[in-house]
Amino acid sequence: QVQLVESGGGLVQAGGSLRLSCAASGRTFSSYAMAWFRRTPGKEREFVAAITWSYGSSYYADSVKGRFTISRDNAKNTVYLQMNSLQPEDTAVYYCNADPRGVRITTTRFGDYWGQGTQVTVSS
């Protein structure tokens, strides 16, 4: 069983920045594939960014490319999402996702474990 705890959400003005954190349980975090998704009311869950376990390669949705950065600190069992140039359309609940088998998470394939979510609200 993997537990994921997100933090760092909040209210920010358009153009501002936030950094989300996701702390994961487990002694083999370095082998987890990790990702961030988001959901807004009335919409399906949307892939935001993913990072692999092996080389730390990162992948982004087109809507956030160039503005968001996913990273990981294996010593702290934590994955981050640095969000810059935030826009009102980025408002959502952001969820951390993990695949302990290390299989890359994509727009259509996600891991078995989810955090509880953290609210990000961007005002115009």
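Scroll up to find the structure this text is about.
Worth saying up front: this structure is predicted, and the values here are computed from it rather than measured.

Rules of the game
Residues numbered from 1 in each chain as written. Predicted model: local features only at pLDDT ≥ 70, side-chain atom pairs only at ≥ 80, totals over all residues. Heavy atoms only, no water. Salt bridge = Lys/Arg side-chain N within 4 Å of Asp/Glu carboxyl O. Buried < 20%, exposed > 50% of the residue type's maximum accessible area, 1.4 Å probe, protein only. Helix = DSSP H or I, 4+ residues; strand = E, 2+ residues; numbered from the N terminus. Pairing = 2+ DSSP bridges. Phe/Tyr/Trp six-rings, centres within 6.5 Å; stacked < 30°, edge-to-face > 60°. Lys NZ or Arg CZ within 6 Å of the ring centre and 35° of its normal. Core = buried A, V, L, I, M, F, W, Y, C linked by side-chain atoms within 4.5 Å. Contact = heavy atoms within 4.5 Å. Axes fitted to C-alpha atoms, helices over the stretch in contact; angles between N-to-C directions.

Student: Would you mind showing me how to read the pattern of salt bridges here?
Tutor: Pairing of side chains with opposite charge becomes possible as their charged atoms draw close. Counted under the stated rule, the structure contains six salt bridges. Glu46 is the salt-bridge partner of Arg38, the closest N and O atoms lying 2.8 Å from each other. Since its relative accessible area comes to 5%, Arg38 is described here as buried. Overall, Glu46 belongs to the partly exposed group, its relative accessible area being 30%. Taking the shortest distance from any N to any O, the salt bridge between Asp99 and Arg109 comes out at 2.3 Å. Highlighted residues: Asp99 in strand 9 (residues 92-99) and Arg109 in the loop between strand 9 and strand 10 (113-114), separated in sequence by ten residues. Under the relative-accessibility criterion, Arg109 is labelled partly exposed at 25%.

Student: I tried to follow the pairing of strand 11 (residues 118-123) on my own but got confused; where do I start?
Tutor: Working note: regular strand, side chains alternate between the two faces of the sheet. Only one face of strand 11 is covered, namely the face carrying Thr118, Val120 and Val122; the face carrying Gln119, Thr121 and Ser123 is uncovered. Sheet topology places strand 2 (residues 10-13) next to strand 11; four bridges connect them, and they run parallel. Following the sheet pairing, Gln13 is matched in strand 11 by Ser123. As paired strands, strand 9 and strand 11 are joined by three bridges and run antiparallel to one another. When the sheet's bridge partners are listed, Ala92 is paired in strand 11 with Val120.

Student: Explain the packing of aromatic side chains to me, please; I cannot follow it from the model alone.
Tutor: Two descriptors summarise a pair of aromatic rings, namely the distance from one centre to the other and the angle between the planes of the rings. Under the definition given, this model contains five aromatic pairs. Both rings, one in Phe29 and one in Tyr32, keep their centres 5.6 Å apart while their planes meet at 65 degrees; by these two values the pair is edge-to-face. Note on Phe29: relative accessible area 1%, which makes it buried. A centroid spacing of 5.2 Å and a plane angle of 65 degrees characterise the contact between Phe37 and Trp114, whose relative ring orientation is edge-to-face. With Phe37 in strand 4 (residues 33-39) and Trp114 in strand 10, the pair connects residues that are 77 residues apart, well separated along the chain. Members of the aromatic cluster, each reached through a chain of ring pairs, are Phe37, Phe47, Phe110 and Trp114. Above the plane of the ring of Phe110 lies Arg45, whose end atom (NZ or CZ) is 4.6 Å from the centre. Between the NZ or CZ atom of Arg104 and the centre of the ring of Tyr59, over which it lies, the distance is 3.6 Å.

Student: What exactly am I supposed to notice about the nonpolar core here?
Tutor: The nonpolar side chains of a soluble globular protein tend to be buried, and buried together. In terms of nonpolar packing, the biggest core is built from 34 residues, with Met34, Trp36, Leu81, Met83 and Tyr94 touching the most fellow members. Breaking this core down by element, the ones donating at least two residues are strand 3 (18-24), strand 4, strand 5 (46-51), strand 7 (68-73), strand 8 (78-83), strand 9 and strand 11. The contacts of Met34, once residues within four sequence positions are left out, are Leu4, Cys22, Phe29, Ala50, Ile51, Ile70, Arg72, Val79, Cys96, Asn97, Ala98 and Ile105.

Student: Whenever I open this one, the sheet that holds strand 1 (residues 4-7) confuses me. Can you help?
Tutor: Pairing between the strands of a sheet is mediated by backbone hydrogen bonds and can be parallel or antiparallel. Strands sit in the order 1-3-8-7 across an open sheet of four strands; the sheet is antiparallel. Each having just a single partner strand, strand 1 and strand 7 make up the two edges of the open sheet. Strand-to-strand twist of the sheet, defined as the mean angle between neighbouring strand axes without regard to direction, takes the value 15 degrees. The pairing of strand 3 with strand 8 spans six bridges and is antiparallel. The residue of strand 8 that forms the bridge with Ala23 is Thr78.

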